[in-house]
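Structure assessment
Take a look at the letters that make up each chain.
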Protein chains: 2
Amino acid sequence: MSRIKCTISYDGSGFAGYQVQPGQRTVQAELEKALASIHKSRPVKTAASGRTDAGVHAMGQVIHFDTDLSIPEEKWPAALNSLLPDDISVLKAERAQPDFHARFSAKEKEYRYRIYFSDVRSPFKHHYACMVRFPLDMEAMEEAAESVLGTHDFTSFCSAKTEVEDKIRTLKEIEFLRKEGELVIRFTGDGFLYNMVRILTGTLLEIGSGKRAPGEMRKILEKRNRIFAGKTAPPQGLYLWKVSYGGTG
Amino acid sequence: MSRIKCTISYDGSGFAGYQVQPGQRTVQAELEKALASIHKSRPVKTAASGRTDAGVHAMGQVIHFDTDLSIPEEKWPAALNSLLPDDISVLKAERAQPDFHARFSAKEKEYRYRIYFSDVRSPFKHHYACMVRFPLDMEAMEEAAESVLGTHDFTSFCSAKTEVEDKIRTLKEIEFLRKEGELVIRFTGDGFLYNMVRILTGTLLEIGSGKRAPGEMRKILEKRNRIFAGKTAPPQGLYLWKVSYGGTG
């Protein structure tokens, strides 16, 4: 048996999310279908670094699976891509240590949230970014972002639907990248709670539009209650960008 | 009655092309459905600067229609966009002269063909660019492009399926724009024959990959026969970028 780690990218528009759900088209189901096909119809289980919701994209999702086939690691992407639908692509495959786990071995994650400024819907950006009609106060957003960096209980920025008990996470960086009518917000941390990036983004957008003062961000954090934060930003702007595993990756 | 000129953008991935075809989802059919709905179910005919094939995109297609409604020109985009599907957007509307015609008044057209260099399919570019796995000899492509600029009979670079008799067109410019793992080829001319940009691109790609010498481009042109040119490049890389109408536009 060997453990294979794959870095995959997918356009989330056509999926009901990452995780297998009966009767729904999901990324995991497509991956496991392709793997079963390579393994002569034997089922192959996959584990991912984390789930993504319907409409959320991935540039660098990481998964692993175990195989008894002796396919060289560099051949796995082409083998899987020939069986996968066009909206999923295996970018890279590597042999991993037997104790490597896509979820539990992850040391750091990077998400990006993409915003475009326009009065009119763009047919090309509609599924890939969130449209904002008004200019944003970048200074206010930067000040607010700065105030929640570090290790905190992020209950206020977590969907109430979660089952996770430990809400303490370390938010390492929030960076604002501007280019040609767009804004990308880059979040890095040791891990993120359910909807955390989208709720942080939604709250930052309310601050950037002047609806709330930048000082509110820290106060919301301290409330430890979801109802005080802003709206959950829509899924189509969100990208799981990179998962890092440190030296052992 | 007033004549309205609209600049529209669409993602061609989900359409069987621009023009109405029975039983197919087309851009024109969606536009005319939205217009009929605004006109209390009365049919409204549209004319476009030209058709685009299935999978071909538009950043700046131009259409016109006549209306007896007194909606101010600046209100038309929002009125139509609220009724149109997400993959079409009206960017701009203007009142035009009664003799303006989206097709016959056009003075110049610009198309762009987008290529990305990769060994692995990108789920985000798959419907929006053509993947090329090998490096291209840009000097050879530029030399070849240069040799077909000007006014010529472009029969060799026109689909045999066309019904147009006059194959003389003026190709004003072919420009190569490189950026971050991509190549965009910009074509401007007074008009383009059926599949002309895709056949020019397909032939340039064969020259760029070393399959043909740059000097062949001019020889193919002089043959006036489609069979001598290269393959038709795939539709998903092609964008109708801009239609210009000169001073009267």
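Residues numbered from 1 in each chain as written. Chains lettered and ligands numbered in written order. Predicted model: local features only at pLDDT ≥ 70, side-chain atom pairs only at ≥ 80, totals over all residues. Heavy atoms only, no water.

**Re the relation of the copies chain B and chain A**
- Least-squares fitting of chain B to chain A yields an RMSD of 0.0 Å, with the transformation described by 0.0 Å of translation along the axis and a rotation of 180°. Put plainly, the chains are arranged around a two-fold axis. Of every C-alpha in chain B, the one belonging to B:Phe124 sits nearest the axis of rotation, 5.4 Å from it.
- In this assembly, 100% of the residues forming the interface of chain B have copies in chain A that are likewise at the interface, indicating an isologous arrangement. (Least-squares fit on C-alpha atoms with pLDDT ≥ 70 in both. Contact = heavy atoms within 4.5 Å.)

**Quick word on the interface of chain B and chain A**
- Contacts between the two partners involve 22 residues from chain B and, on the opposite side, 22 residues from chain A.
- Of the roughly 1700 Å² buried between chain B and chain A on both sides combined, carbon and sulfur atoms contribute 58%.
- Inspection of the region where chain B meets chain A yields 10 residue pairs in polar contact (both at pLDDT 80 or more).
- Looking at the side of chain B that touches chain A, the elements that each hand over two or more residues are strand S1 (2-10), strand S3 (57-67) and strand S4 (88-96) of chain B. (Buried area = accessible area lost by both parts, 1.4 Å probe. Polar contact = N/O pair within 3.5 Å; in protein donor to acceptor, adjacent residues only side chain to side chain. Helix = DSSP H or I, 4+ residues; strand = E, 2+ residues; numbered from the N terminus.)

**A word on the pattern of salt bridges**
- Enumeration over the complete set of coordinates arrives at 36 salt bridges over all chains.
- Measuring nitrogen to oxygen at the nearest pair gives 3.1 Å for the salt bridge that ties A:Arg186 to A:Glu110. Taken together, the residues A:Arg186 in strand S9 (residues 182-189) and A:Glu110 in strand S5 (residues 108-117) connect sequence positions 76 residues apart. Of the two residues, A:Arg186 and A:Glu110, neither departs from the other in class, the shared state being buried.
- B:Arg186 is the salt-bridge partner of B:Glu175, the closest N and O atoms lying 2.5 Å from each other. (Salt bridge = Lys/Arg side-chain N within 4 Å of Asp/Glu carboxyl O. Buried < 20%, exposed > 50% of the residue type's maximum accessible area, 1.4 Å probe, protein only.)

**Quick word on the domain arrangement of chain A**
Residues and elements named next belong to chain A.
- Taken domain by domain, chain A consists of domain 1 (2-104) and domain 2 (108-244).
- The interface of domain 1 with domain 2 comprises 15 residues on the first partner and 14 residues on the second.
- Note on domain 1 versus domain 2: buried area summed over both sides is about 1100 Å², and carbon and sulfur give 55% of it.
- Contact with domain 2 buries area across many residues of domain 1, yet Asp53, His57 and Met59 alone supply 42% of it, more than any other trio.
- For the pair domain 1 and domain 2, the interface holds one salt bridge.
- In this structure, the salt-bridge partner of Asp53 is Arg198, at a minimum N-O distance of 3.5 Å.
- Residue composition of the side of domain 1 that touches domain 2, grouped by class: five nonpolar, eight polar and two charged. (Domains from an automatic or database assignment. Nonpolar A, V, L, I, M, F, W, Y, C, P; charged D, E, K, R; others polar.)

**Re the UniProt feature "binding site: substrate" (unreviewed entry) in chain A**
Residue and element names in this part refer to chain A.
- Here, UniProt's "binding site: substrate" (unreviewed entry) annotation points to Tyr111.
- One can find Tyr111 in strand S5.
- Classification of Tyr111 by relative accessible area gives buried; the value is 9%.
- In contact with Tyr111, other than residues within four places in its own chain, are Ile185, Arg186, Phe187, Phe192, Val197, Leu238, Tyr239, Leu240 and Trp241. (UniProt positions renumbered as here; feature names shortened; annotations may be inferred.)

**Some remarks on the packing of aromatic side chains**
- Summed over the entire model, instances satisfying the criterion amount to 15 aromatic pairs over all chains.
- When the ring of A:Phe124 is compared with that of B:Tyr128, the centres are 6.1 Å apart and the planes differ by 80°; the resulting orientation is edge-to-face. Of this pair, A:Phe124 sits in the loop between S5 and strand S6 (130-132) while B:Tyr128 sits in the loop between strand S5 (108-117) and strand S6 (130-132), which puts the two residues in different chains.
- Judged by relative accessible area, B:Tyr128 falls into the buried class, the value being 9%.
- Both rings, one in B:Phe65 and one in B:Trp76, keep their centres 5.1 Å apart while their planes meet at 70°; by these two values the pair is edge-to-face. In this pair, B:Phe65 is assigned in strand S3 and B:Trp76 in helix H2 (residues 76-81), connecting sequence segments 11 residues apart.
- Given the relative accessible area of 0%, B:Trp76 is considered buried.
- Three or more aromatic residues joined by ring pairs make a cluster, and in this case those are A:Phe124, A:Tyr128, A:Tyr239, A:Trp241, B:Phe124, B:Tyr128, B:Tyr239 and B:Trp241.
- Above the face of the A:Phe228 ring, A:Lys223 is positioned so that its terminal group lies 4.8 Å from the ring centre. (Phe/Tyr/Trp six-rings, centres within 6.5 Å; stacked < 30°, edge-to-face > 60°. Lys NZ or Arg CZ within 6 Å of the ring centre and 35° of its normal.)

**Describing the UniProt feature "active site" (unreviewed entry) in chain A**
Residues and elements named next belong to chain A.
- The feature "active site" (unreviewed entry), as given by UniProt, occupies Asp53 in the numbering adopted here.
- Mapped onto the secondary structure, Asp53 falls in the loop between strand S2 (47-48) and strand S3 (57-67).
- A relative accessible area of 23% places Asp53 in the partly exposed class.
- For Asp53, the contacting residues outside a window of four places in its chain are Gly17, Tyr194, Asn195 and Arg198.
- At 3.2 Å, the side chain of Asp53 forms a polar contact with the side chain of Tyr194.

**A closer look at the environment of A:Thr26**
Residue and element names in this part refer to chain A.
- Locating Thr26 in the fold gives a position in the loop between strand S1 (2-10) and helix H1 (27-38).
- Exposure remark for Thr26: the relative accessible area of 0% places this residue in the buried category.
- C-alpha separation for the pair Thr26 and Phe15, spaced 11 residues apart in sequence, amounts to 5.1 Å.
- When neighbours within four sequence positions are excluded, Thr26 is seen to be in contact with Phe15, Ala16, Gly17, Tyr18, Gln19, Val20 and Gln21.
- A polar side-chain atom of Thr26 sits 3.2 Å from the main-chain amide nitrogen of Ala29.

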